[in-house]
Amino acid sequence: MQKRSSLLKKCSFAGVLLLGGSLLLSSIAQAVDYGYGPNPYTSRQQSYNPYARQQATRNGSAFWRSDVLGGTPHIKIVLSEQKAYFYKGGRLAGVSPVSSGKPGHRTPTGNFRISQKKLNHRSTLYGHYVSPRGYVLRSNVNVRRHRRPAGAIFRGASMDYMMRFNGAYTIHAGHVPGYPASHGCVRLPWHMAQIFFRHASVGTRVSVVH
């Protein structure tokens, strides 16, 4: 009886190890799927840090290093990678996936500055036509191209944590499918848009490169 009980305990322990291992491998695989290799947080300005790697692996597609303090903020958006890098004084503080402008609505490249920040913002061009009671009558409209139905009201698309960096072009929270899909703005996942918004200020440099 004791042998049987001992065998059951060993099997249970082995099962826990296998489950834990599979979850760890799953997290690492997710990180690799988003383009992060064995050392996803290194840069020319920063050396290896095990804590940052743990954060990157846990979050998969994004990470933020709360231990990087002080320094002038700088946001770098790399269109070919569909990623945004947040630096503080030349040190990499975080990385986020983005969704930039789709063909026909390319996000312009260049060096800019954040000129406006707004926590809750709605687009004045893109959104939905809704009834007075709030029912969607026509979705994904462009007010310059789509005629408004009689009695309908235009409701602009939500652009929370908006940071304007080049005229109508902004960084904001939105859907990030893994490829360029916006009308020119740079979308970040909601949780990363919140972090970038909190750590950037009006005047922060924004570099957009291919």
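Preceding block: the structure.
Residues numbered from 1 in each chain as written. Predicted model: local features only at pLDDT ≥ 70, side-chain atom pairs only at ≥ 80, totals over all residues. Heavy atoms only, no water.

Student: Break down the pairing of strand S3 (residues 83-88) for me, citing the residues and quoting the values.
Tutor: Among the six residues in S3, six count as buried, and that is most of the element. Following strand S2 (residues 73-78), the chain reverses through four residues before pairing antiparallel with S3; Gln82 in that reversal takes a positive phi of roughly 55°. Where S3 and strand S4 (residues 91-97) come together, six bridges link them in antiparallel fashion. Opposite Tyr87, over in S4, you have Leu92 as the bridge partner. If you look at the hairpin formed by S3 and S4, you'll find two residues sitting between the two strands, and Gly89 has a positive phi there, around 60°. (Buried < 20%, exposed > 50% of the residue type's maximum accessible area, 1.4 Å probe, protein only. Helix = DSSP H or I, 4+ residues; strand = E, 2+ residues; numbered from the N terminus. Pairing = 2+ DSSP bridges.)

Student: Please provide a residue-by-residue account of the sheet that holds S4, values included.
Tutor: Within a sheet, adjacent strands bond to each other through the backbone by hydrogen bonds, running parallel or antiparallel. In space, the six strands of this open sheet follow the order S1-S4-S3-S2-S13-S5, with mixed pairing throughout. Edge positions in the sheet fall to strand S1 (63-64) and strand S5 (110-113), since each has one partner strand and no second. Here S5 pairs with strand S13 (residues 205-209) via four bridges, running antiparallel. Looking across to S13, one finds that Phe112 is bridged to Val206.

Student: How would you summarise the nonpolar core if you had to cite specific residues and measurements?
Tutor: In globular proteins that are soluble, nonpolar side chains generally tend to be buried together. Counting 27 residues, the largest nonpolar core has Ile75, Ile77, Met163, Ile171, Leu188, Phe196 and Val206 as its most contacted members. Listing elements by their share of this core, those giving two or more residues are S2, S3, strand S10 (162-166), strand S11 (169-173), strand S12 (186-188), helix H3 (190-199) and S13. Excluding residues within four positions of it along the chain, Ile77 makes contact with Lys83, Ala84, Ile171, Val186, Val206, Ser207, Val208 and Val209. In this structure, Phe63, Val78, Tyr85 and Leu92 belong to the second largest nonpolar core, which totals six residues. (Core = buried A, V, L, I, M, F, W, Y, C linked by side-chain atoms within 4.5 Å. Contact = heavy atoms within 4.5 Å.)

Student: Lay out the sheet that holds S11 with the relevant residues and their values.
Tutor: Spatially, four strands are ordered S6-S10-S11-S12 in an open sheet, and the strand pairing comes out mixed. Looking at strand neighbours, the two that pair on one side only are strand S6 (116-118) and S12, the edges of this open sheet. Neighbouring strand axes in the sheet, compared pairwise and without regard to direction, differ in orientation by 20° on average. Here S10 pairs with S11 via three bridges, running antiparallel. From the neighbouring strand, Asn166 faces S11, where its bridge partner is Tyr169. (Axes fitted to C-alpha atoms, helices over the stretch in contact; angles between N-to-C directions.)

Student: Can you tell me about the layout of surface pockets, naming the residues and giving the values?
Tutor: Approximately 780 Å³ is the volume found for the largest pocket. In this structure, the largest pocket is lined by 31 residues; those nearest its centre are Ser123, Tyr126, Ala157, Met159 and His183. Those elements that provide at least two residues to the lining of the largest pocket are strand S7 (122-130), strand S8 (136-142), strand S9 (153-158) and S11. Broken down by element, the lining of the largest pocket gets its largest block of residues, six residues, from S7. Partitioned by chemical class, the residues of the lining of the largest pocket number nine nonpolar, 17 polar and five charged. (1 Å grid on protein atoms, 1.4 Å probe; cavity = no way out; pocket = protein on both sides within 12 Å on 5 of 7 lines; lining within 4 Å. Points joined across faces, edges and corners; volume = space filled by probe spheres on them. Nonpolar A, V, L, I, M, F, W, Y, C, P; charged D, E, K, R; others polar.)

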